[in-house]
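Now for the letters of each chain:
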Amino acid sequence: MHRFNEADAGAAEEALLACCGSHRWAIRLTAHRPYPDIESLLAAASEASYDLRPADLAEALADESWMPQPLLGMRAPGSQAAHTALRAAHAAYEARFGHVFVVCLEGVVPEEMLDTVLTSIRTRLAHDPDEERLIAADELRRIALTRLEHLVATHSGAAAR
């Protein structure tokens, strides 16, 4: 926590952008330093996530699409048919909503990941765009909090990278 609190603003913002791609979110969290503990930082991050405007959310979701990783759930064990269905579901989701599918998989074991992602995408494809935007924002918030907690806990010097 100390190194995050003491890092220069640019380094702190860069580290935060690795957790959530909204510049407004990162700037807000950086500006409110120092945080007395991880719980305070996570509470502030959660609050900042709830205050994301549509443009901020779009920016964060666009950043998720640039991450150098395979489609969500593609590394999970499963049949070729399930992986093909997952690719099709991702494509349908992006075509319908205009952004990548995000879901927090914290606590999901690898053996259940493929089914969890596929079920979630299929369920969320039935949502109207406004409802889905709210769900995607909450999933993105949960993902950002998980990343932030990991960043501070395991890389106390990450803000100084």
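Report on the accompanying structure. Keep in mind that this is a model prediction, so the values were computed, not measured.

Looking now at the environment of phenylalanine 4. Along the chain, the position of phenylalanine 4 falls in helix α1 (residues 2–6). Residue phenylalanine 4 is classed as buried on the basis of its relative accessible area of 2%. Between the C-alpha atom of phenylalanine 4 and that of proline 34, which follows or precedes it by 30 residues, the distance is 8.3 Å.

Across soluble globular proteins, you tend to see nonpolar side chains buried next to one another. Ranked by size, the top nonpolar core spans 42 residues in total, and within it Leu16, Trp25, Leu29, Leu41, Val117, Ile121 and Leu148 carry the most contacts. Those elements that provide at least two residues to this core are α2 (9–17), α3 (23–31), α4 (38–50), α5 (54–65), α6 (80–97), α7 (110–125) and α8 (129–154). Apart from the residues lying within four places of it in its own chain, the contact partners of leucine 148 are Leu16, Cys19, Trp25, Leu41, Leu42 and Ala45.

Packing of α6 against α7 leaves a shortest axis separation of 10 Å and a crossing angle of 35 degrees. Seen along the crossing, α6 lies across α7 with a hand that is left-handed. Between α6, through Ala82, His83, Ala85, Leu86, Ala89, His90, Ala92, Tyr93, Arg96 and Phe97, and α7, the contact on the second element is made entirely by Leu114, Val117, Leu118, Ile121, Arg122, Arg124 and Leu125.

For an α-helix, 3.6 residues make a turn, and residues three or four places apart therefore share a direction. In this model, α4 (13 residues) spans 18 Å end to end at C-alpha, consistent with the 18 Å of a helix rising 1.5 Å per residue. Every buried residue of α4 is listed here: Ile38, Leu41, Leu42, Ala45, Ser46, Ala48 and Ser49. The buried residues of α4 occupy an angular sector of 165 degrees when projected down its axis, which confines them to one face. Across α4 from its buried face, at more than 90 degrees, point the exposed residues Glu39 and Tyr50. The N-capping residue of α4, defined by a side-chain oxygen 3.3 Å from the backbone nitrogen of glutamate 39, is aspartate 37.

Conventions we followed
- Residues numbered from 1 in each chain as written.
- Predicted model: local features only at pLDDT ≥ 70, side-chain atom pairs only at ≥ 80, totals over all residues.
- Heavy atoms only, no water.
- Helix = DSSP H or I, 4+ residues; strand = E, 2+ residues; numbered from the N terminus.
- Buried < 20%, exposed > 50% of the residue type's maximum accessible area, 1.4 Å probe, protein only.
- Core = buried A, V, L, I, M, F, W, Y, C linked by side-chain atoms within 4.5 Å.
- Contact = heavy atoms within 4.5 Å.
- Axes fitted to C-alpha atoms, helices over the stretch in contact; angles between N-to-C directions.
- Left-handed = near helix turned anticlockwise from the far one by under 90°.
- Expected span 1.5 Å × (residues − 1).
- Arc of directions from axis to C-beta.
- Polar contact = N/O pair within 3.5 Å; in protein donor to acceptor, adjacent residues only side chain to side chain.

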